[in-house]
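Examination of the molecular architecture
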Amino acid sequence: MAMMSSAVDIIEPETITTWLTKTCTGSHLFKITGYSFNKGIGVGKCINSDIFTVGGYNWTIGYYPNGKSRNNTEPDWLAFDLHLTNAALARVKITLTMLNQFGGTPLMHNSGAVTVEPYCSSNFPYFIKRKEFETSNYLKNDSFTIRGTVTVMKSKKHPFTVQPSNLHQQLTGLLESEDGTDVSFKVRGVTFNAHCCVLAARSPVFRAQFFGPMKGLMNESIEIKDMEPSIFKSMLHFIYSDSVPELQEVSDDKDVSIVLAQHLLVAADRYGLDRLKQICEMKMYEFIDAHNFGTTLTLAEQHNCSELKAACMEFIKPPEMLAAVVRTEGFEHMIKSCPGILKELRSKNQGC
């Protein structure tokens, strides 16, 4: 009798493995002013942005005006890199975007998913040809802006999410609502209400005024002289929010920005707001030209802005720039306001 054998197919249950990848994306704007002054610094020379943090990693954007390496073609291109400053591997996607300053299409380069070694870079050596760039809408008033966007990929899912701080929004809301205000200021007929504790925490001058030996002599309403209401309002906004949107955002209205920066610089120095003072100095440096040189140097001298003063001295070195500056009203006002500075100019520029 024949034996029959049968094969039995065993079907195992299906299993599923899920790999969860968490991403964190952040961007940083890097504005380069004085392009024409920087483009001859040499092959491989780099100008770095401030450090910014995305996904727990610290990054800088590097700009190479004359290319990153000494091959035959790279110096004819503007090169960039995005540098990791941590001692750890990072799996990332990187996008560098050069903004079109007339509202058109930006220039964008993507790295795709890459692994960046500790203290190493993701390179973009052939970002844009120099000749093409210098006639493009990316360059305006000898400046341009590049945005670095980093997406960090992490394979370990964290069970908690911590919301970003909104302290500045809460404090600004408190200022705008005027809830709990205990001090008022009158500035050329306009009244501003505020909180003594917030002002004292941010300004050593307000701290001395509210909590120092003279606090018993303080009136219910404090009159502020020699300041416009709009300037005082901007200063109050900075005290509560640590920002000055009118100065920190890209603006096409140069004249409005420079006047605001000049007046806020005086206010910041008056009330010991060092960060606001630095923001104003930076904005004044960005927009320095022959027309406003005299006023800029005068303010730098009167308010102890050593870096801004040094930048002014460097700006006026070319003979043709000096010739343009001495013909302005601002230069005449500078000589009358700060006669001692004329000696410094003469020592650096013969014939002034």
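Everything that follows concerns the structure shown earlier in this document.
The notes below deal with the structure included here. Just so we're clear, the structure is a prediction, and the values are computed from it rather than from any experiment.

Observations concerning the overall build of the chain
Across its full length, the chain holds 14 helices and 12 strands. The 352 residues of the chain split such that 39% are buried. For the chain, the share of sequence-separated contacts (at least 6 apart) that also reach a separation of at least 24 residues comes to 65%.

Overview of the nonpolar core
Counting 42 residues, the largest nonpolar core has Phe185, Leu199, Phe210, Phe232, Met235, Leu264 and Leu276 as its most contacted members. In terms of residue count, the dominant contributor to this core is helix 8 (residues 254–271) (eight residues). Dropping the residues within four chain positions of it, Leu276 is found in contact with Met235, Phe238, Val244, Leu264 and Ala268. Membership of the second largest hydrophobic core comes to 30 residues, among which are Ile61, Leu82, Ile94 and Phe144.

A few points about the sheet that holds strand 9 (residues 143–154)
Pairing in this open sheet of four strands is antiparallel, and the strands run 1-9-6-7 from one edge to the other. The sheet is open, and its two edges are formed by strand 1 (22–33) and strand 7 (107–116), each paired on a single side. Neighbour to neighbour, the strand axes of the sheet diverge by 15 degrees on average, direction disregarded. Here strand 6 (residues 90–98) pairs with strand 9 via seven bridges, running antiparallel. Counterpart to Met98 in the pairing with strand 9 is Ile146.

The rules behind these values
Residues numbered from 1 in each chain as written. Predicted model: local features only at pLDDT ≥ 70, side-chain atom pairs only at ≥ 80, totals over all residues. Heavy atoms only, no water. Helix = DSSP H or I, 4+ residues; strand = E, 2+ residues; numbered from the N terminus. Buried < 20%, exposed > 50% of the residue type's maximum accessible area, 1.4 Å probe, protein only. Contact = heavy atoms within 4.5 Å. Core = buried A, V, L, I, M, F, W, Y, C linked by side-chain atoms within 4.5 Å. Pairing = 2+ DSSP bridges. Axes fitted to C-alpha atoms, helices over the stretch in contact; angles between N-to-C directions.

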